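Structural description and commentary
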Amino acid sequence: ICTFVVQFQYRKCNMILIADSGSTKTDWVLMDGHSVIKRVKTQGINPFHQNSKIIFHVLLDELLPHLSEADSDIHDTGEVSFAPGIKAVYFYGSGCTPERCHVVEDELRHVFPDAGAIEVKGDLLAAARAVCGHQQGVACILGTGANSCCYDGKKIILNTPPLGYILGDEGSGAVLGRLFLNALFKGFLPESLKIEFLEYSGMTYSDVINRVYSQPLANRYLASIANFIARHLEGEESLRLLIADNFHAFFHRNFVQYHPWMEIHFAGQKPVVGFVGGIANQFREILAEVTESEGFRIGIVMKSPIDGLIQYHNY
């Protein structure tokens, strides 16, 4: 997930442009004060998967033409002067590590040269700002991958490294898919469910093994299995237990180092934990039960951080 915010003044208006972006797509929202003016979709922006030239042209070719009320001027040098009233740019994204932030920042400066401040941060800060706002709390991402942090209302204080779906990512969609396939083919789920899954996917056992071990983006394939699980959840207790076990593992493997901080900042109260991501949203009822059983209080749960970020940047 990555998020991009542009604040500018145009024709005496105070406009904000917010986008929530992953490696696949970006959802942009243009706002005038508290009112949403326009929504735009472009491809995603991730500095690990795209070079400077590609990122520049995503901004130039896919975003700017849709912002019809803004003036854009493309020069022969390749420089772009867009909306001179822009005052600040905030970009949060997956792949925006300290080592890669400059790739996005440089292209933002090319497209928005008059912005006084440009800030590029990771998607975990976007999640924290979306679910915690300006208050302290624990923020988590449960989507294709998983992540978590302690947040003091301004910055991330603690973060357990997620390690990816092979070494970690407990609670994520990729790990849920892996657990499902393991249980399915080793006989821990009903045979009827295996038959339904193979018919649903149009794949054989060999096809599944090939898809996981020989094809790219196995994590996305594994996470996509969550849709099948959700459709067959009603009346299938074994699937509910599988999901709950995945969420319990998320807490057990990622929250240990957070306890001293939480004991100080939530003395006498259950710490509030908020969640962003498709898996958190899709299985929010089970997630709430597990969160409470682990001794925490469920906070905001949202599929995408964009609505929370709209509120955060209008604070």
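Report on the accompanying structure. (Residues numbered from 1 in each chain as written. Predicted model: local features only at pLDDT ≥ 70, side-chain atom pairs only at ≥ 80, totals over all residues. Heavy atoms only, no water.)

Re the sheet that holds strand E9 (residues 137–142)
Spelled out, the test is: Only when DSSP finds a minimum of two bridges between them are two strands counted as paired. Runs of E in the DSSP output that reach at least two residues are strands. Runs of H or I that reach at least four are helices, and both are numbered from the N terminus. Between N-to-C directions, angles span 0 to 180 degrees; the directions come from axes that are lines fitted to C-alpha atoms, helices contributing only their stretch in contact. Residue contacts are defined here by distance: any two heavy atoms, one from each residue, within 4.5 Å place the two residues in contact.
The strand order E11-E10-E9-E12-E13 describes an open sheet built from five strands, whose pairing is mixed. Sheet topology places strand E11 (156–158) and strand E13 (297–302) at the edges, where each strand pairs with a single neighbour. Taken pair by pair, the neighbouring strands of this sheet meet at an average axis angle of 35 degrees, ignoring direction. Sheet topology places strand E10 (residues 146–151) next to E11; two bridges connect them, and they run antiparallel. When the bridges of E11 are listed, Tyr151 appears paired with Ile156. Against the sheet, helix H10 (residues 237–254) touches E9, E10 and strand E12 (272–276), its axis set at about 50 degrees to E10.

As for the state of the cysteines
Under the convention used in this document: We call a pair of cysteine sulfur atoms a disulfide whenever their separation is within 2.5 Å. Working definition: with a 1.4 Å probe on protein chains only, accessible area under 20% of the residue-type maximum means buried, over 50% means exposed, and in between means partly exposed.
This structure, assessed with the given rule, holds zero disulfides. Considering cysteine sulfurs only, Cys149 is the nearest to Cys132, which forms no disulfide, with 7.1 Å between them. For Cys132, a relative accessible area of 13% puts it in the buried group. Looking at the unpaired Cys140, the closest cysteine sulfur is the one in Cys149, lying at 7.4 Å. By relative accessible area, which is 0% here, Cys140 ends up buried.

Here we look at a nonpolar patch on the surface
In plain terms, the rule: Residues enter patches when their relative accessible area tops 30% and they take part in no salt bridge; the joining distance is 9 Å for like charges and 5 Å for the nonpolar side chains Val, Leu, Ile, Met, Phe, Trp and Tyr. Shrake-Rupley sampling with a 1.4 Å probe provides the accessible areas, and residues are treated as covered by the protein chains on show and by no other component. Whenever a carboxyl oxygen of Asp or Glu lies within 4 Å of a side-chain nitrogen of Lys or Arg, that contact is scored as a salt bridge.
Judged by side-chain polarity, Leu163, Ile166 and Leu167 come together as a nonpolar surface patch covering roughly 370 Å² of accessible area. Of note, Ile166 is situated in helix H4 (residues 164–167).

Remarks on the packing of aromatic side chains
Quick reminder of the rule: For Phe, Tyr and Trp, rings pair up if their centres lie within 6.5 Å, where Trp contributes its six-membered ring, and each pair is then called stacked (planes under 30 degrees apart), edge-to-face (over 60) or tilted (otherwise). Throughout this description, the term charge over a ring refers to an Arg CZ or Lys NZ atom that lies within 6 Å of the ring centre and within 35 degrees of the ring normal.
On inspection of all chains with the given rule, the structure shows 13 aromatic pairs. Clustering of aromatic rings is evident, with ring pairs tying together Phe250, Phe251, Phe255, Tyr258, Phe275 and Phe296. It is Arg100 that lies over the ring of Phe48; its NZ or CZ is 5.7 Å from the centre.

Section: the packing of helix H3 (residues 123–132) against helix H14 (residues 306–313)
Note the threshold: Roughly parallel means an angle under 35 degrees; roughly antiparallel means over 145; roughly perpendicular covers 65 to 115; every other angle is labelled oblique. Under the scheme applied, nonpolar residues are Ala, Val, Leu, Ile, Met, Phe, Trp, Tyr, Cys and Pro; charged residues are Asp, Glu, Lys and Arg; polar residues are all the others, including Gly.
Contact pair H3 / H14: the axes reach a minimum separation of 7 Å and the direction vectors enclose 70 degrees. In terms of their interaxial angle, H3 and H14 are classed as roughly perpendicular. Contacts between H3 and H14 pair Ala126, Arg129 and Ala130 from the former with Gly308, Leu309, Tyr312 and His313 from the latter. Along the lines of polarity and charge, the residues of the contact of H3 with H14 split into four nonpolar, two polar and one charged.

Notes on the environment of Ala127
Following the sequence through the fold, Ala127 ends up in helix H3. The exposure class of Ala127 is buried, given its relative accessible area of 2%. Considered as a pair, Ala127 and Ala139 are 12 residues apart in the sequence and their alpha carbons are 6.4 Å apart. Apart from the residues lying within four places of it in its own chain, the contact partners of Ala127 are Ala139, Cys140, Ile141 and Val276.

Quick notes on the pairing of E10
The buried count for E10 comes to six of six residues, which makes it a mostly enclosed element. Burial of the side chains of E10 extends over both faces: Ala146, Ser148 and Cys150 are buried on one face and Asn147, Cys149 and Tyr151 on the other. Inspection of the sheet shows E9 paired to E10 by six bridges, in the antiparallel sense. The residue of E10 that forms the bridge with Cys140 is Ser148. Here E9 folds back onto E10, and the loop between the two strands holds three residues.

Examining the layout of surface pockets
The cut-off we apply is this: Here a cavity is any set of points on a 1 Å grid over the protein atoms alone where a 1.4 Å probe fits but cannot get out, and a pocket is any open set with protein on both sides within 12 Å along at least 5 of 7 lines; a residue lines the site when it has an atom within 4 Å of a point. Grid points are joined across faces, edges and corners, and a volume is the space filled by probe spheres set on the points.
Taken as a whole, the second largest pocket holds about 320 Å³ of empty space. For the second largest pocket, the lining is made up of 13 residues, of which Arg178, Leu181, Ile209, Val212 and Tyr213 are closest to its centre. For the lining of the second largest pocket, the residue count by class is 10 nonpolar, one polar and two charged.

A word on unusual backbone geometry
Both trends apply: most residues other than glycine have a negative phi, and most peptide bonds are in trans. For Asp169, which is not glycine, the phi torsion reads 60 degrees and is therefore positive. Mapping Asp169 onto the fold places it in the loop between H4 and helix H5 (173–185). Take Asp169: its relative accessible area is 9%, and that puts it in the buried class. The phi dihedral of Leu217 is positive, around 55 degrees, even though this residue is not glycine. With respect to the element layout, Leu217 can be found in the loop between helix H7 (205–213) and helix H8 (218–224).

Some points on the nonpolar core
Our working definition: Grouping buried Ala, Val, Leu, Ile, Met, Phe, Trp, Tyr and Cys residues that are joined through side-chain atoms within 4.5 Å yields what is termed a nonpolar core.
Counting 45 residues, the largest nonpolar core has Leu142, Phe180, Phe197, Phe247, Phe255, Phe275 and Phe283 as the members making the most contacts within it. Ranked by residue count, the leading element in this core is H10, at seven residues. Those residues within four positions of Phe255 in sequence are excluded, and the remaining contacts are Val138, Cys140, Ser148, Phe250, Met262, Val273 and Phe296. If you look at the next biggest cluster of nonpolar residues, it comprises 25 residues, including Trp28, Leu59, Leu63 and Ala115.

Let's talk about H10
Heads up, the rule is: In a helix, the anticipated span is given by 1.5 Å times the number of residues less one.
The terminal C-alpha atoms of H10 lie 26 Å apart, and with 18 residues this matches the ideal 26 Å at 1.5 Å per residue to within 8%. All of the buried residues in H10 are Leu239, Leu242, Ile243, Ala244, Asn246, Phe247, Phe250, Phe251 and Asn254.

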